[in-house]
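Spelled out from the first residue to the last, the chains are:
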Amino acid sequence: MGKQYVVIGLGRFGGSVTRTLLSLGYDVMGIDKDEKRVQEYAPILSHVYQADSTDEGVMRELGVRNMDHAIVAIGENLQASILTTLILKDIGVKFVTAKATNDYHQRVLEGVGADHIVHPERDTGVRVAHQVTSKNMIEYLELSPQHSLVEMIAPPIFCGKTLKSLDFRAKYGCSVMAIRRRDNDLVVSPHADDHIFEGDMLVIIGKNSDITRFERTFA
Ligand code: ADP
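The model shown is predicted, which means the values in this text are computed figures rather than measured ones.

S.K.: Mind laying out the sheet that holds strand β7 (residues 137-142), listing which residues take part and the relevant values?
M.R.: Taken in spatial order, the five strands line up as β7-β8-β11-β9-β10 in an open sheet, and their pairing is antiparallel. Whereas interior strands pair on both sides, the edge strands pair on one side only; in this sheet they are β7 and β10 (186-188). Each adjacent strand pair in this sheet contributes to an overall mean axis angle of 20 degrees, direction not counted. Note that β7 and strand β8 (residues 147-153) share five bridges and pair antiparallel. Each residue of the ladder has a partner; that of E139, found in β8, is E151. Those strands touched by helix α9 (residues 208-218) are β7, β8 and β11 (201-207), and its axis lies near 140 degrees from that of β11.

Given below as structure tokens:
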């Protein structure tokens, strides 16, 4: 049997997580204190309950502790998000992912035992800022506070050249992990002799300082 997930808070974020998990073929239990949200998800979830997740007794009754992974997707109400995370860890849920709305929230969630914390608004903000300042930027992903991965349209001066002739790693301090061709063909771990063509996308990984320098040069 596949992993079982419970999503607590079926707002925009929790709803999107829920629909994606379902489309990936997983079992999802949904919980929201708002009856309207529960009605909205009843047609697609076989287990969806109207309940307040800060009530430990109710969480136990619903069998939440038997879930492999809980996602706390409560947005505005910090107290409910923190208390829910604490209760989930207390009743023995192995893995809890919680959504933080700011750094203080993150620190408290860590303190009460969240295993994984996500910052969708902050991360999307970072990504959008990179995309709007560089017309060639397709995707920006922060891998750690020091490293990131970007997908960029290959600068025209690269076209027709090989990674070796560009002296890519030495010159830009970052590595090309993959080249996506115009026809969507993906060359993973390209060789030094692979050519870059017009319209290719480069997937580049590197230190933030090097990636920023690269973006500034070719934005
Ligand atoms: P988003 O920005 O993702 O839409 P919201 O704050 O609008 O976030 O949605 C969070 C959801 O979490 C809402 O549907 C709300 O009813 C639900 N929620 C908030 N507090 C609790 C709680 N204590 N128990 C269960 N659900 C809750």
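Once you've had a look at it, read on.
S.K.: Got a sec to walk through the sheet that holds strand β3 (residues 47-50)? Specific residues and values, please.
M.R.: Across the sheet, which stays open at both edges, the six strands sit in the order β3-β2-β1-β4-β5-β6 with parallel pairing between neighbours. At either end of the open sheet lies a strand with only one pairing partner, and these are β3 and β6 (116-118). Averaged over all pairs of adjacent strands, the angle between strand axes in this sheet comes to 15 degrees, irrespective of strand direction. Looking at chain direction, strand β1 (residues 4-8) and strand β4 (residues 69-72) are connected through four bridges and run parallel. Its bridge partner lying in β4, I8 is registered against V72.

Rules behind the numbers
- Residues numbered from 1 in each chain as written.
- Predicted model: local features only at pLDDT ≥ 70, side-chain atom pairs only at ≥ 80, totals over all residues.
- Pairing = 2+ DSSP bridges.
- Helix = DSSP H or I, 4+ residues; strand = E, 2+ residues; numbered from the N terminus.
- Axes fitted to C-alpha atoms, helices over the stretch in contact; angles between N-to-C directions.
- Contact = placed C-beta atoms within 7 Å.

By themselves, these are just geometric observations and shouldn't be taken as functional.
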